[in-house]
Amino acid sequence: MQEFKWPYPLDYGKEEKITADVLILGGGIAGCMAAISAARKGQKVVVVEKGATKMSGAGGSGCDHWESAATNPCSKVTPEELTQAMLDDNDGYNNGISHYIECREGYDRLLDIEKMGGKIRDTEDEFVGAAFRDEATKLMFAYDYENKITLRVWGTTFKPAMYREMKKLGIRIVDRVMVTSLLTQSGNQGNRCIGATGLHTRTGKFYIFSSKSTIMCLSRPARIWMFSSDHTGLCEFRPTQCIGDGHAMGWRIGAEFTMMEKSVRTEFSAAGRSYPPYGAGNNHNSWYGASIIDSTGKEIPYADRDGKILKSVEERFLPAKGQKFFMKGGSVDDPKHAIEGPETLPFGDMLKKGYKLPFYADLTTLPDTERRAIWGMMIGEEGKTRVPVYENYKKAGFDPTKHVLQCYGTGWTSASFLPQERQLFGLPGGFLNDWELKTNIEGLYAAGDCLYASNCYGHAASTGYYAGRHASAYALKEGIIEPDKNQTEAEKKRIYAPLQNNPETSIGWKELNMGISKTMQNYCGDAKSDDLLNTGLKILKNYEKDVVPATFAYNPHELMRLLEVFDILTVSQMIIYASLARKSSSKVLCFNRIDNEQEETENDRRLITLRLAENKVVYDEKPLDFFGDLKDNYEKFNQDYMGGKQNV
Amino acid sequence: MSENQNMPYTEMPASKPIVIDAGKCTGCNSCVEICMVDLFIPGPERGKPPVVLYPGECWYCGCCVMVCPEEGAITLRHPLMNQAHWVEKAELLK
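Quick caveat: nothing in here was measured; it's all calculated off a predicted structure.

Caption draft 1: Representation of the overall build of chain A within the structure. On a plain count of helices and strands, chain A comes out with 14 helices and 24 strands. In terms of overall size, chain A behaves like a compact globule, its C-alpha atoms giving a radius of gyration of 24 Å where 648 residues would be expected to give roughly 26 Å. Projected onto the principal axes, the alpha-carbon positions of chain A cover approximately 70 × 60 × 55 Å. Looking at chain A residue by residue over its 648 residues, the buried ones come to 65%. Partitioning the contacts of chain A with sequence separation of at least 6, the portion at a separation of at least 24 is 74%. Across chain A, the centroid of the 81 positively charged side chains sits 3 Å from that of the 86 negatively charged ones.

Rendered as structure tokens:
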């Protein structure tokens with residue numbers, strides 16, 4: 001065996017205790033904005049992050065769109081209209097509260113980030129005169145140039161700017177620590193959340209955090225169905241380390257979840273058939289408005305929602321006749337007529353008409369400003385494209401005025417996946433929240449990707465900041481409670497157990513992850529029935545009983561990966577429990593029951609919620625519009641923020 | 001060709017997302033400290049390149065390249081299977 005010396009001290013079992021008024025779990029966009037918000041309220045804030053806060057998280061390395069900025073000075077759509085459109089587009093299965101916060105406060109956060117040093121407008125006048133640029137404010141827009149609700153931004157500057165602001169505000173950042181569990185008063189399920197535990201991913205040290213209030217800002221689950229041991233980091237759209245730890249630890253203490261039965265056929269997995277996001281030819285998201293041509297150079301026409309062929313490039317960015325506005329972007333997969341924007345004619349129809357494969361994205365014929373915005377700015381600023389796509393393609397000779405880039409699929413995807421290959425994508429399930437972004441657990445708030453039906457950068461930033469305000473108000477009236485010794489000791493025992501096993505006879509995290517993924521594909525794929533789901537649940541429970549105790553990790557890094565897979569195992573069971581509770585099929589939830597193919601009736605159209613109480617699964621339901629009138633409720637709960645105090 | 005029969009107990013990885021040019025790398029470990037996945041470890045020798053210990057975990061965000069103070073010291077490269085094809089438009093029109 002080839003050996004090397006682990007470069008960090010090994011502190012397995014050693015303890016460090018840290019207290020905070022407001023504890024933030026996760027240092028991504030939501031976590032950083034939550035921390036800034038709470039610190040501005042005078043709270044002592046601690047952020048715990050698995051990676052390195054300066055650039056970690058799904059938006060850490062960049063972002064090119066800021067969606068739903070309905071209150072920007074150029075917008076012609078109100079927050080109420082925009083949120084209602086998002087609700088209607090999903091037949092009500094959407095988070096009215098969090099998206100209203102996004103629409104109402106998103107632009108405030110952009111201005112905030114600008115003050116911190118982020119670039120949100122064309123200050124260098126590189127795009128003067130472009131159709132998407134507002135000359136007075138120098139703001140640049142995407143998609144619908146008439147209504148101006150989505151901004152083009154220089155997102156690589158955002159996270160470092162937030163990080164500097166956090167340092168300035170005296171926020172304590174604890175990097176390289178994986179949050180492993182939430183602590184509750186007296187250690188009981190369902191009680192007030194009083195802190196969390198963590199594992200240092202380099203030294204193995206154990207952390208005990210005590211707090212007055214806690215904000216869950218960890219990401220959404222991943223690698224449930226899609227796994228590749230060779231290319232783990234390419235399995236999903238979001239970062240390797242974002243696999244839904246927060247859902248699993250929330251579940252264990254009795255937090256309530258909803259829409260967990262929703263999963264979609266995989267849209268993106270570059271470990272499988274996909275190409276790197278926005279790195280292959282397409283005309284969506286960063287590439288919206290690009291022309292698509294066939295292999296003889298013939299252009300595929302764009303049409304508006306009513307089938308009218310659009311003759312000019314300019315029309316690709318305008319609503320149809322009689323349409324108020326259209327929507328595109330991360331949360332819009334299969335738009336309804338009301339908000340459906342221009343789109344190239346279906347590729348399948350084009351093939352029947354004699355168009356020849358392969359198809360290519362063609363920027364050569366676009367106006368110069370559009371081409372520079374897509375290839376220079378957007379691909380230069382989006383999270384995973386600046387270096388591996390923009391810089392590398394340039395170095396390899398790609399010239400957008402000359403070359404065309406091949407398409408490998410339709411829509412924003414670059415591949416077609418099998419029905420059982422699934423992901424939590426397109427507004428998936430998560431923590432259920434109230435108007436304070438509080439969960440059902442006293443003292444525990446949630447923001448960003450862990451919320452049900454969440455998506456995108458602006459949503460993360462605005463819900464993070466909002467949760468920071470409300471969690472601060474809670475912290476002001478509550479004290480610190482000493483963690484229950486039995487609870488912290490039990491957690492220590494759980495997380496270090498694999499280190500005691502024999503590497504020769506135990507299995508590693510990759511084998512367990514693959515086993516779970518295959519089980520989920522087999523028993524909780526597209527075709528769902530009680531018999532299949534119950535069989536899958538039995539297999540997962542056996543993994544928990546027989547396999548989890550027989551795993552091994554060589555070092556703290558591998559131990560982190562293994563604990564992540566334990567969380568994937570927990571989340572997989574949550575998904576099966578939620579699926580068992582939904583008895584009819586639902587198109588909008590991409591939920592297909594082969595033992596009841598009848599589409600849901602009005603009676604079934606409810607949010608199904610689930611949580612643990614005394615370690616038993618408890619189901620409940622809520623009407624889809626449980627949050628009431630958006631504007632009235634928002635204003636009722638946010639008097640302190642309104643009236644020009646947006647940066648307080 | 002070498003006839004040395006001593007072999008390391010390892011195999012070639014499925015892909016090599018990160019290649020470090022030892023001639024340009026100063027061993028500052030900026031990449032080690034920024035990587036959100038934590039796939040590097042500092043090299044055993046001070047001032048020498050870090051080790052890419054877990055290449056399969058790379059998310060290809062490019063932060064390591066963005067913070068590297070030495071131009072060209074790190075190359076981030078998508079695996080062969082993910083390298084998209086492009087062509088000069090004039091070729092299609094011929």
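Caption draft 2: Geometry of empty space enclosed by the protein. Residues and elements named next belong to chain A. In the structure shown here, the tally under the stated rule is eight cavities of 30 Å³ or more. Empty space within the largest cavity amounts to approximately 200 Å³. Surrounding the largest cavity, 21 residues form its lining, Glu-67, Ser-68, Met-327, Lys-328 and Val-332 being those nearest its centre. Of all the secondary structure elements, the ones that give two or more residues to the lining of the largest cavity are α2 (79-89) and α3 (96-116). The leading source of residues in the lining of the largest cavity is α2, at three residues. Taken together, the residues of the lining of the largest cavity sort by class into 10 nonpolar, six polar and five charged.

Caption draft 3: Quick look at the interface of chain B and chain A. Contact with chain B, which involves 43 residues of that partner, is made by 67 residues of chain A. For the chain B and chain A pair, buried surface summed over both sides reaches about 4,400 Å², with 61% attributable to carbon and sulfur atoms. Ranking the residues of chain B by area buried against chain A places Met-36, Trp-59 and Trp-86 of chain B at the top, with a combined share of 19%. Between chain B and chain A we count five salt bridges in total. One salt bridge in this structure joins Glu-33 of chain B and Arg-202 of chain A, with 3.2 Å as the shortest N-O distance. Along the contact surface separating chain B from chain A lie 25 residue pairs in polar contact (both at pLDDT 80 or more). For the side of chain B that touches chain A, the secondary-structure elements that each account for two or more residues are α1 (30-34), β2 (40-41), α2 (63-67), β5 (86-88) and α3 (89-93) of chain B. Per-element accounting of the side of chain B that touches chain A gives the leading share, four residues, to α2 of chain B. Per-class residue counts for the side of chain B that touches chain A are 29 nonpolar, eight polar and six charged.

Caption draft 4: Representation of helix α4 (residues 158-168) of chain A within the structure. Residue and element names in this part refer to chain A. Counting buried positions over the 11 residues of α4 gives eight, a clear majority of the element. Every buried residue of α4 is listed here: Phe-158, Lys-159, Pro-160, Ala-161, Met-162, Tyr-163, Glu-165 and Met-166. Structurally, α4 contributes buried residues whose contacts are with α1 (29-40), β2 (45-48), β3 (65-66), α3, β6 (172-174) and α9 (457-477). Positioned one or two residues after α4, Gly-170 has a phi angle of 75°, which is positive.

Caption draft 5: View of the pattern of salt bridges. Residue and element names in this part refer to chain A. For the structure shown, the criterion picks out 59 salt bridges over all chains. Close ionic contact of Arg-469 with Glu-105 constitutes a salt bridge, the shortest N to O distance being 2.9 Å. A residue pair is termed long-range when its members are at least 10 positions apart, and Arg-469 in helix α9 and Glu-105 in helix α3 qualify at 364 residues. Accessibility expressed as a relative area gives 3% for Arg-469, which makes it buried. Close ionic contact of Arg-386 with Glu-381 constitutes a salt bridge, the shortest N to O distance being 3.7 Å. With a relative accessible area of 7%, Glu-381 lands in the buried category.

Caption draft 6: Molecular detail of the packing of aromatic side chains. All names here are of chain A. For the coordinates displayed, the defined rule picks out 35 aromatic pairs over all chains. Both rings, one in Tyr-288 and one in Tyr-302, keep their centres 6.4 Å apart while their planes meet at 90°; by these two values the pair is edge-to-face. Highlighted residues: Tyr-288 in the loop between β11 (264-265) and β12 (291-293) and Tyr-302 in strand β13 (residues 302-303), separated in sequence by 14 residues. The exposure class assigned to Tyr-288 is buried, which follows from its relative accessible area of 2%. Taken together, Phe-127, Phe-132, Tyr-143, Tyr-145, Tyr-288, Tyr-302 and Phe-317 form an aromatic cluster joined through their ring pairs.

Caption draft 7: Focus on the pairing of strand β9 (residues 206-216) of chain A. All names here are of chain A. A large share of β9 lies buried, amounting to 11 of its 11 residues. Where strand β1 (residues 15-25) and β9 come together, 10 bridges link them in parallel fashion. Bridge pairing in β9 links Lys-17 to Ile-208. As judged from the five bridges shared by strand β8 (residues 193-200) and β9, these two strands associate in the antiparallel manner. The residue of β9 that forms the bridge with Thr-197 is Ile-208. Hairpin connection of β8 to β9: five residues between the antiparallel strands, including Gly-204 at a positive phi of 80°.

Caption draft 8: Main features of the sheet that holds strand β10 (residues 257-258) of chain A. Residue and element names in this part refer to chain A. The strand order across the open sheet built from four strands is β19-β10-β23-β24, with neighbouring strands paired in antiparallel fashion. Here the strands that pair on one side only, and so sit at the sheet edges, are β19 (430-431) and β24 (616-623). Running over the sheet, helix α13 (residues 556-581) touches β10, β23 (606-613) and β24 and is turned about 130° from β23.

Caption draft 9: Examining the packing of α3 of chain A against helix α14 (residues 630-637) of chain A more closely. Residues and elements named next belong to chain A. Put simply, α3 and α14 touch, their axes get as near as 11 Å, and they point 75° apart. With respect to their mutual orientation, α3 and α14 come out roughly perpendicular. Across from Gly-96, Tyr-100, Arg-104 and Glu-105 in α3, the residues of α14 making contact are Leu-630, Lys-631, Tyr-634 and Glu-635. Residues that form the contact of α3 with α14 fall into these classes: three nonpolar, one polar and four charged.

Caption draft 10: Expanded view of the sheet that holds strand β5 (residues 150-152) of chain A. All names here are of chain A. Spatially, β3-β5-β4 is the arrangement adopted by the three strands of the open sheet, whose pairing is antiparallel. Every other strand in the sheet has two partners, leaving β3 and β4 (141-142) as the edge strands with one partner each. In this structure, β4 lies alongside β5, joined through two bridges in antiparallel fashion. Within β5, the position partnered with Ala-142 by the bridge is Thr-150.

Caption draft 11: Broad picture of the environment of Phe-591 of chain A. Residue and element names in this part refer to chain A. Along the polypeptide, Phe-591 turns up in the loop between α13 and β22 (592-593). On the accessibility criterion, Phe-591 (2% relative accessible area) is buried. Separated by 384 residues in sequence, Phe-591 and Tyr-207 place their C-alpha atoms 40 Å apart. If near-sequence neighbours (up to four positions away) are discounted, Phe-591 is found in contact with Glu-261, Lys-528, Ser-579, Arg-582, Ser-584, Ser-585 and Ser-586.

The rules behind each value
- Residues numbered from 1 in each chain as written.
- Chains lettered and ligands numbered in written order.
- Predicted model: local features only at pLDDT ≥ 70, side-chain atom pairs only at ≥ 80, totals over all residues.
- Heavy atoms only, no water.
- Helix = DSSP H or I, 4+ residues; strand = E, 2+ residues; numbered from the N terminus.
- Rg over C-alpha atoms; globule rule 2.2 N^0.38 Å.
- Buried < 20%, exposed > 50% of the residue type's maximum accessible area, 1.4 Å probe, protein only.
- Contact = heavy atoms within 4.5 Å.
- Lys, Arg positive; Asp, Glu negative; His and termini not counted.
- Charge placed at Lys NZ, Arg CZ, Asp CG, Glu CD.
- 1 Å grid on protein atoms, 1.4 Å probe; cavity = no way out; pocket = protein on both sides within 12 Å on 5 of 7 lines; lining within 4 Å.
- Points joined across faces, edges and corners; volume = space filled by probe spheres on them.
- Nonpolar A, V, L, I, M, F, W, Y, C, P; charged D, E, K, R; others polar.
- Buried area = accessible area lost by both parts, 1.4 Å probe.
- Salt bridge = Lys/Arg side-chain N within 4 Å of Asp/Glu carboxyl O.
- Polar contact = N/O pair within 3.5 Å; in protein donor to acceptor, adjacent residues only side chain to side chain.
- Phe/Tyr/Trp six-rings, centres within 6.5 Å; stacked < 30°, edge-to-face > 60°.
- Pairing = 2+ DSSP bridges.
- Axes fitted to C-alpha atoms, helices over the stretch in contact; angles between N-to-C directions.
- Parallel < 35°, antiparallel > 145°, perpendicular 65-115°, else oblique.

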